[in-house]
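Spelled out, the chains give:
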Amino acid sequence: RVVEGSHVDATGGIPMTLEVTERKPRYFGATASMSTLDGAEVHAYWGHRNLFGEGERLRLDGTMSQIGEGSIEDSNFKLGAEFTKPGIFDIDTDLFTEFRIEREQPDAYESRFVKGRVGIMRKFSERLNGSVALEARYEEIDDVYGHSEYFPVALSAEVTYDSRDHKLDPTSGILATTLVKPTVDTMMDTAYVSMTASMATYAALLGNDKMILAGRIFGGLIAGASPADVPASERFYAGGGGSVRGYEYRSLGPRIGDEVAGGLTLVGGSAEARIRITDRFGIVPFIDVAAVSADTSMRFSDGVYVGAGIGLRYYTSLGPLRLDVAIPLSDHPGQSGYGLYLGLGQAF
C-alpha cells in the first residue's frame, strides 16, 4: 500500500510511504463444471502458504465427478495432499511431495489406486519451468482384460513453456507441455516408456480481442509393452470436454468386442474462433478431432473421431463463463446425439 505524505518536504516533493503486510496464509476455494454426457464435477481445496514460516506450501484437495450419472457409488472420487518446500537448492528450485487416493470409473474401466510422488521443480525463466519426479503407486483395475493389479514405479520429466497473456482467457501466446515417463511395473514384470506432448496457441485476427483464433494439438505414445501390460488409466482414449466434445469421457478408442480397451498411440487437435459480439457476450464455433491406435504406430483404421459445435461465452472479471453444445460427427455405439458443457474459462 502506497501512502502519500500530508505535507511537501524541503525539496518540494511529497513523501511516499510503502506499507507491506503479510498475505493471509490460509486460503480455500472450489470449482464446478457440468456436462450432459459425463455429469457434474465439484472440486474443493484448502491451502496454507507459510506452514513452517519459510514459505512452505501445503494444499489439500478433493474432487467428485460423474455426479448424477447413477448412484453415489458410480461417482469418481479423488483426494490429495501436496507439500512444497521452496528454495531447496536455490531461489528457483523447489522440492515437492504428493500423495493421492483415487477411484475412477469411466465406461472403459474401473480403477482404484494409491500414489506417492516426490521431486524437484525449477523455474528457468518467467515462461519456462520443468520438473523431475519419482513416483510409485498401487492400482487395481477391472477392464476388458479382467481384474489386474499393478505396481508401477516411474521417473517422470516434464517441461512447460507458457507465454499466454491470460490463463482463463488467452488472446496471445503459447502453452506447450512435454512429459516423458519411463516406468517399471514390479507386479507385471514389464517396462515401458510413455510420452505425451501438447501445444496450444492463440492469435488475434483483427488486431484486437474481438476475434481470437485458438488452436491446439496433442499426442501420446507408449512404447515397450502391450496394452494389457499397461494400466487402463494410463492407456490413451479420446472423448470428453478436454478431448473431443460430443462424446462421453474416455469412451473412444480401440475396442475388444463391445468394450473400449484403450490404445498406445494418440493424436488429436482442436480449433476455435472466439468471437466477441459485445463486451459481455461472445460465440465460439469449434471442431475437435482425435484418433487412437492399439499399436505404437498410428493406424487411423482404428477410428478417427470428430466433434463440432458452437459455444456461448459470458465474460466476467475472472474469466469467461462457458456453455458449449457439441455434436458427434463420427459413428460410435451408444453415443448421445449431442453434449452440453458448462464451466469457467475457455476450453483450452
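Cut-offs applied
Residues numbered from 1 in each chain as written. Predicted model: local features only at pLDDT ≥ 70, side-chain atom pairs only at ≥ 80, totals over all residues. Heavy atoms only, no water. Helix = DSSP H or I, 4+ residues; strand = E, 2+ residues; numbered from the N terminus. Buried < 20%, exposed > 50% of the residue type's maximum accessible area, 1.4 Å probe, protein only. Contact = heavy atoms within 4.5 Å. Areas by Shrake-Rupley, 256 points an atom, 1.4 Å probe, with all protein chains shown as cover. Core = buried A, V, L, I, M, F, W, Y, C linked by side-chain atoms within 4.5 Å. Phe/Tyr/Trp six-rings, centres within 6.5 Å; stacked < 30°, edge-to-face > 60°. Salt bridge = Lys/Arg side-chain N within 4 Å of Asp/Glu carboxyl O. Pairing = 2+ DSSP bridges. Polar contact = N/O pair within 3.5 Å; in protein donor to acceptor, adjacent residues only side chain to side chain.

Undergrad: What's the story with the overall build of the chain in this structure? I'm lost.
TA: Of regular secondary structure, the chain possesses zero helices and 21 strands. Reported as C-alpha extents along the three principal axes, the dimensions of the chain are approximately 85 × 50 × 40 Å. Of all 348 residues assigned to the chain, the portion counted as buried reaches 38%. Taking all contacts inside the chain whose residues are at least 6 apart in sequence as the whole, residues at least 24 apart take part in 51%. If you sum the accessible surface of the chain, you get close to 17900 Å²; carbon and sulfur atoms cover 61% of it.

Undergrad: Honestly, the nonpolar core in this entry has me stumped. Any pointers?
TA: In summary, soluble globular proteins display a tendency toward joint burial of nonpolar side chains. Core analysis: the largest hydrophobic core is formed by 15 residues, its most contacted members being Ile-222, Val-230, Ala-238, Leu-266 and Ala-290. Contributions of two or more residues to this core are made by strand S14 (211-223) and strand S18 (281-293). Ignoring sequence-local partners within four residues, the contact set of Ala-290 consists of Phe-218, Ala-238, Val-244, Leu-266, Val-267, Gly-268, Gly-303, Val-304 and Tyr-305.

Undergrad: What exactly am I supposed to notice about the packing of aromatic side chains here?
TA: Each aromatic ring pair is specified by the distance between its two centres and by the angle formed by the two planes. Under the criterion given, the structure shown has five aromatic pairs. Between Tyr-109 and Tyr-237, the ring centres sit 5.7 Å apart and the planes meet at 35°, which makes this aromatic pair tilted. Of the two residues, Tyr-109 is situated in the loop between strand S7 (93-104) and strand S8 (110-123) and Tyr-237 in the loop between S14 and strand S15 (255-256); the sequence distance between them amounts to 128 residues. The two residues Tyr-109 and Tyr-237 agree in class, both being buried. With a centroid separation of 5.2 Å and 55° between ring planes, the pair formed by Phe-281 and Tyr-314 is classed as tilted.

Undergrad: What exactly am I supposed to notice about the pattern of salt bridges here?
TA: It is possible for side chains of opposite charge to pair when their charged atoms get near one another. Scanning the entire structure with this criterion turns up 30 salt bridges. Across the pair Lys-123 and Glu-126 runs a salt bridge, and its minimum N-O distance is 3.7 Å. For Glu-126, a relative accessible area of 70% gives the class exposed. A salt bridge links Arg-137 to Glu-139, with the nearest nitrogen and oxygen atoms 2.8 Å apart. Put simply, Arg-245, Glu-272, Arg-274, Asp-288, Arg-313, Arg-322 and Asp-324 are held in one network by salt bridges that share partners.

Undergrad: Just to check I follow, could you spell out the side chain of Asn-76 for this structure?
TA: Inspection of the secondary structure puts Asn-76 in strand S6 (residues 76-85). Apart from residues lying up to four places away in sequence, Asn-76 is in contact with Thr-63, Met-64, Ser-65, Gln-66, Arg-103, Glu-104 and Gln-105.

Undergrad: Whenever I open this one, unusual backbone geometry confuses me. Can you help?
TA: The phi angle of most residues is negative, glycine excepted, and most peptide bonds adopt the trans form. The phi dihedral of Asp-189 is positive, around 55°, even though this residue is not glycine. Secondary-structure assignment places Asp-189 in the loop between strand S12 (173-185) and strand S13 (190-204). Here the phi dihedral of Arg-250 falls at roughly 55°; this positive angle occurs in a residue that is not glycine. On the secondary structure map, Arg-250 appears in the loop between S14 and S15. In this structure Arg-250 comes out as buried when scored by relative accessible area, which is 19%.

Undergrad: Sorry, what's going on with the pairing of strand S3 (residues 26-35) here?
TA: Regular strands show a simple pattern: their side chains alternate between the two faces of the sheet. In this structure, S3 lies alongside strand S4 (residues 39-48), joined through ten bridges in antiparallel fashion. Bridge pairing links Phe-28 to Trp-46 in S4. Hairpin connection between S3 and S4: a loop of three residues separates the two successive antiparallel strands. Judged from the two bridges that link them, S3 and strand S21 (residues 339-344) form a sheet pairing that is antiparallel. Each bridged residue has a counterpart across the sheet, and for Ser-35 the counterpart in S21 is Tyr-341.

Undergrad: What am I meant to see in the environment of Tyr-341 here?
TA: Examined against the element boundaries, Tyr-341 turns out to sit in strand S21. Taking the C-alpha atoms as reference, Tyr-341 lies 41 Å from Phe-52; in sequence the two are 289 residues apart. Those residues in contact with Tyr-341, other than ones at most four positions away along the chain, are Met-34, Ser-35, Leu-37, Gly-240, Gly-241, Arg-245, Gly-246, Tyr-247, Arg-322, Leu-323, Asp-324 and Ala-326.

Undergrad: Just checking my understanding: could you explain the environment of Ser-270 for this structure?
TA: For Ser-270, the position within the fold is in strand S17 (residues 265-276). Here the alpha-carbon distance between Ser-270 and Phe-151, two residues 119 residues apart in the chain, equals 34 Å. Excluding its chain neighbours within four sequence positions, the residues that come into contact with Ser-270 are Ala-214, Gly-215, Arg-216, Ser-243, Ile-287, Asp-288 and Phe-348. A distance of 2.8 Å separates a polar atom in the side chain of Ser-270 from a polar atom in the side chain of Asp-288.

Undergrad: Quick question: what am I supposed to make of the pairing of strand S9 (residues 128-143) here?
TA: Here 14 bridges tie S8 to S9, and the two strands are oriented antiparallel to one another. Residue pairing in the sheet places Lys-115 in a bridge with Arg-137 of S9. Where S8 hands over to S9, the hairpin turn is made up of four residues, counted between the paired strands. Here S9 pairs with strand S11 (residues 152-162) via nine bridges, running antiparallel. From the neighbouring strand, Leu-134 faces S11, where its bridge partner is Leu-155. Where S9 meets strand S10 (residues 146-150), five bridges bridge the pair, whose relative direction is antiparallel. Residue pairing across strands places Glu-139 opposite Tyr-150, the latter belonging to S10. Between S9 and the antiparallel strand that follows it, S10, lie two residues.

Geometry only, nothing functional implied.
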